[in-house]
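An overview of the molecular structure
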Protein chains: 2
Amino acid sequence: MTTPAPRAADTPPPLLLFDVFGTVVDWHGSVVREMAEIAPSVDGDAFALAWRAGYQPAMAAVRDGRRPWVTLDTLHREILEALLPRFGLSQLDAAQRRHLNQVWHRLRPWPDTVAGLTRLKQACTIAPLSNGNIALLTNMAKRAGLPWDCVLSAEVFRAYKPDPAVYRGAAALFDRSPEQVMLVAAHHDDLAAARACGLRTAYIERPLEFGAAHVKDVSPQPANDLHATSLTDLADQLGA
Amino acid sequence: MTTPAPRAADTPPPLLLFDVFGTVVDWHGSVVREMAEIAPSVDGDAFALAWRAGYQPAMAAVRDGRRPWVTLDTLHREILEALLPRFGLSQLDAAQRRHLNQVWHRLRPWPDTVAGLTRLKQACTIAPLSNGNIALLTNMAKRAGLPWDCVLSAEVFRAYKPDPAVYRGAAALFDRSPEQVMLVAAHHDDLAAARACGLRTAYIERPLEFGAAHVKDVSPQPANDLHATSLTDLADQLGA
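Within any chain, residue numbers begin from 1 and follow the written order of that chain's sequence. To read the labels, note that chains go from A and ligands from 1, taken in the order they are written. The predicted nature of this model means local features are confined to residues of pLDDT at least 70 and side-chain atom pairs, given and counted, to a pLDDT of 80 or more, with totals for whole chains, interfaces and linings taken over all residues.

What follows concerns the overall build of chain A. In this text, helices come from DSSP runs of H or I with a minimum length of four residues, and strands from runs of E with a minimum of two, each type numbered from the N-terminal end. Per the secondary structure count, chain A includes 11 helices and eight strands. Here the globule rule reads 2.2 Å times residues to the power 0.38, and the radius of gyration is calculated from C-alpha atoms. Radius of gyration (C-alpha) of chain A: 18 Å, near the 18 Å computed for a compact globule of 240 residues. When its C-alpha atoms are laid out on the principal axes, chain A stretches across 60 × 35 × 30 Å. Split into buried and exposed, the 240 residues of chain A put 44% on the buried side. By the convention adopted here, residues are in contact when the distance between their C-beta atoms, placed from the backbone, does not exceed 7 Å. The long-range share in chain A, meaning contacts at least 24 apart out of those at least 6 apart in sequence, stands at 62%. The burial criterion counts other C-beta atoms lying within 10 Å of a residue's C-beta, which is placed from the backbone; the residue is buried at 20 or more, exposed at 12 or fewer, and partly exposed between these limits.

Written as structure tokens, this is what we have:
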């Protein structure tokens, strides 16, 4: 899973799976940008961070079995409904709320994303492995031009990362052993969970994931197989 | 779901789902072609037809609950194992059998397929809705250049067409009512099952699906919304 060597006819291309929110697309900047249009008086930075802060607790309820499987669209909407009064947006009607909730389908790629994925696709099979639902990821890919070979989602496994069922399930779908699969993510906890399942890992630096006012520590952790500053840097490192 | 009209910002593109074996790719011609290389003494036409003849009975065992879910790769391999002695191919070793079974990952598109899908993708969200497993469909798309927006498979629903769970499940994933979804197929039984679930249907003429020696009746059936001679003809009819 380092530089791809010439492959025998029957050797499948390496399988690269990508975390999406923060790794492939800029959720913070995209939400801030749309809020500036929809509700210029609202603090878009605080709104984006508050929405995202509801993400892990909402998924934990599904992971822990406290509620049955629901999609991330549903969880995003529940978090949004609780946020609107806090930010003075209770006047939004049903259509506006639905449109706003779908901002997660409209997230914009980082500047290196499309070029990096396009290069990586030449040498590898590339797919998201995201907690976003299939329609969300498909709509996002279509809009942003993300050239996935297929769309893998927590929804396929009805389990949210970091549930091992997601990482192991993705490898099994492609009849690969876990060490034949690499997860690419900007989050050390996602990578650690994948590594615990036997996958290889590549960390991507996204210092501005939470916005310019909240620069993230992107220090390397030695447990990762690769550490890259961008998806084009990852393509360089993989010889793609 | 006729000619796409200009859409409001929030109106999603029409969702077109495609049967794959026979509709998008030429399974008969592809199997015959590979058999001519692997085992020139074997009657490739008879071999391809015999392999395909095992397909519906094998899936029926899963549909009827006589066995738990297994992928189409597994079913194809079981059928193949039974065929090899009949065709004097018992000498194939494990690697050769595995390679031959994966011919279904290497099926070739019909001449109009890539051009038709590429045009349809401009106006619609396009995805396979096939009994092939996710890896099979992904490997096929990568090799053949099928520009799917995402890969939907019976494997997502752990049910084989014509189980209604597949058609209804695909519409539900995209938060569409069934009549907002169209199935495109070269098989009237697949289309009839989709129609029974409320989907719209488009029939594609593939008279050579079973080879030039077994030309298929491709007469229109009035219950289908559209009848097209090819995927480029379908693109014409949809104004894409």
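In any sheet, the strands associate via hydrogen bonds between backbone groups, in a parallel or an antiparallel arrangement. Paired strands are those between which DSSP finds at least two bridges. The strand order across the open sheet built from six strands is S5-S4-S1-S6-S7-S8 (chain A), with neighbouring strands paired in parallel fashion. A single partner strand is all that each edge strand has here, and the edge strands are strand S5 (152–153) and strand S8 (226–228) of chain A.

For our purposes the nonpolar core covers buried Ala, Val, Leu, Ile, Met, Phe, Trp, Tyr and Cys residues that link as a set through C-beta atoms within 7 Å. Core analysis: the biggest nonpolar cluster contains 141 residues, and A:Leu17 and B:Leu17 have the highest contact counts within it. Those residues in contact with A:Leu17 that sit more than four places away from it in its chain are A:Ala127, A:Leu129, A:Leu152, A:Ala170, A:Val181, A:Leu183 and A:Val184.

Moving on: unusual backbone geometry. Residues and elements named next belong to chain A. Residue Lys161 is joined to Pro162 through a cis peptide bond whose omega torsion reads 5 degrees. Along the chain, the position of Pro162 falls in the loop between helix H8 (154–157) and helix H9 (164–173). For Asp175, which is not glycine, the phi torsion reads 55 degrees and is therefore positive. Topologically, Asp175 is positioned in the loop between H9 and strand S6 (181–185).

All names here are of chain B. On the basis of which strands lie adjacent, the open sheet formed by six strands has the order S5-S4-S1-S6-S7-S8 and parallel pairing. Sheet topology places strand S5 (152–153) and strand S8 (226–228) at the edges, where each strand pairs with a single neighbour. Pairing of strand S6 (residues 181–185) with strand S7 (residues 200–204), which is carried by four bridges, proceeds in the parallel orientation. Paired with Leu183 across the strands is Thr201, a residue of S7.

Attention now goes to the packing of helix H2 (residues 44–53) of chain B against helix H4 (residues 72–86) of chain B. All names here are of chain B. For helices, the axis comes from a line fit to the C-alpha atoms of the stretch in contact; other axes are also lines fit to C-alpha atoms, and the angle between any two N-to-C directions lies between 0 and 180 degrees. For the pair H2 and H4, the least separation of the axes is 9 Å and the interaxial angle reads 140 degrees. With respect to H4, the element H2 is oriented oblique. Relative to H4, H2 is oriented so that their crossing is right-handed. Mapping the contact onto sequence places Phe47, Ala50 and Trp51 in H2 and Ile79, Leu80 and Leu83 in H4. Here the contact of H2 with H4 is composed, by residue class, of six nonpolar, no polar and no charged. Put simply, angles under 35 degrees are roughly parallel, angles over 145 are roughly antiparallel, angles from 65 to 115 are roughly perpendicular, and the rest are oblique. Here a crossing is called left-handed whenever its near helix is offset anticlockwise from the far helix by less than a right angle, and right-handed whenever the offset is clockwise. As a working rule, the residues Ala, Val, Leu, Ile, Met, Phe, Trp, Tyr, Cys and Pro are called nonpolar, Asp, Glu, Lys and Arg charged, and the rest polar, with Gly in that last group.

Attention now moves to the pairing of strand S1 (residues 15–18) of chain A. Residues and elements named next belong to chain A. In S1, alternate side chains face the same way, and those of Leu15 and Leu17 on one face and Leu16 and Phe18 on the other are all buried. Alignment of S1 against strand S4 (residues 125–130), held across four bridges, turns out to be parallel. Residue pairing across strands places Phe18 opposite Pro128, the latter belonging to S4.

With that settled, consider the interface of chain B and chain A. Contacts between the two partners involve 15 residues from chain B, matched on the other side by 15 residues from chain A. Looking at the side of chain B that touches chain A residue by residue, the class counts come to eight nonpolar, three polar and four charged.

Residues and elements named next belong to chain A. What the domain assignment lists for chain A is domain 1 (15–26 + 109–237) and domain 2 (28–105). An automatic or database domain assignment supplies the start and end points of every domain. Its C-alpha centre places domain 1 at a distance of 22 Å from the equivalent point of domain 2. Between domain 1 and domain 2, the contact holds 16 residues from the first and 15 residues from the second. Only strand S2 (25–26) and helix H7 (134–144) provide two or more residues apiece to the side of domain 1 that touches domain 2. Residue contributions to the side of domain 1 that touches domain 2 peak at three residues, all from H7.

For the rest of this paragraph, the subject is the relation of the copies chain B and chain A. What sets the superposition is a least-squares fit of C-alpha atoms, and only residues with pLDDT of at least 70 in both copies go into it. When chain B is fitted to chain A, the best match, at an RMSD of 0.0 Å, comes from turning it 180 degrees and sliding it 0.0 Å along the axis. The superposition of one copy onto the other is thereby described by a two-fold rotation axis. Comparing contact sets, 100% of the residues at the interface of chain B also lie at the interface in chain A, consistent with an isologous, same-surface contact.

Before going further, it helps to spend a moment on helix H1 (residues 27–38) of chain B. All names here are of chain B. For H1, built from 12 residues, the straight-helix expectation of 16 Å at 1.5 Å per residue is met to within 8% by its first-to-last C-alpha distance of 16 Å. Regarding H1, the residues found buried are Trp27, His28, Gly29, Ser30, Val31, Glu34 and Met35. Looking at the buried positions of H1, the neighbouring elements they touch are strand S2 (25–26), H2 and strand S3 (108–109). One less than the residue count of a helix, multiplied by 1.5 Å, gives the span that helix is expected to have.

Now for the pairing of S6(B). All names here are of chain B. Counting buried positions along S6 yields five of five residues, so the element is predominantly enclosed. Side chains Val181, Leu183 and Ala185 of S6 all project onto a buried face; the interleaved residues Met182 and Val184 project onto the opposite face, where all are buried too. Look down the strands so they point away from you; if the path from the first strand over the helix to the second goes clockwise, the crossover is right-handed. Read as a crossover between parallel neighbours, the route from S6 over helix H10 (residues 188–196) to S7 is right-handed.

With respect to the element layout, A:Thr118 can be found in helix H6 (residues 113–123). For the pair A:Thr118 and A:Val218, spaced 100 residues apart in sequence, the C-alpha separation works out to 24 Å.

A few words now on the confidence of the model for chain A. Regions with low pLDDT should not have their predicted coordinates read in detail. Taken over all residues, the pLDDT of chain A has a mean of 95, while the share at 70 or more is 96%. Confidence estimates for the predicted assembly give a pTM of 0.95 and an ipTM of 0.94. Per-residue confidence from the prediction method is given by pLDDT, with values spanning 0 to 100.

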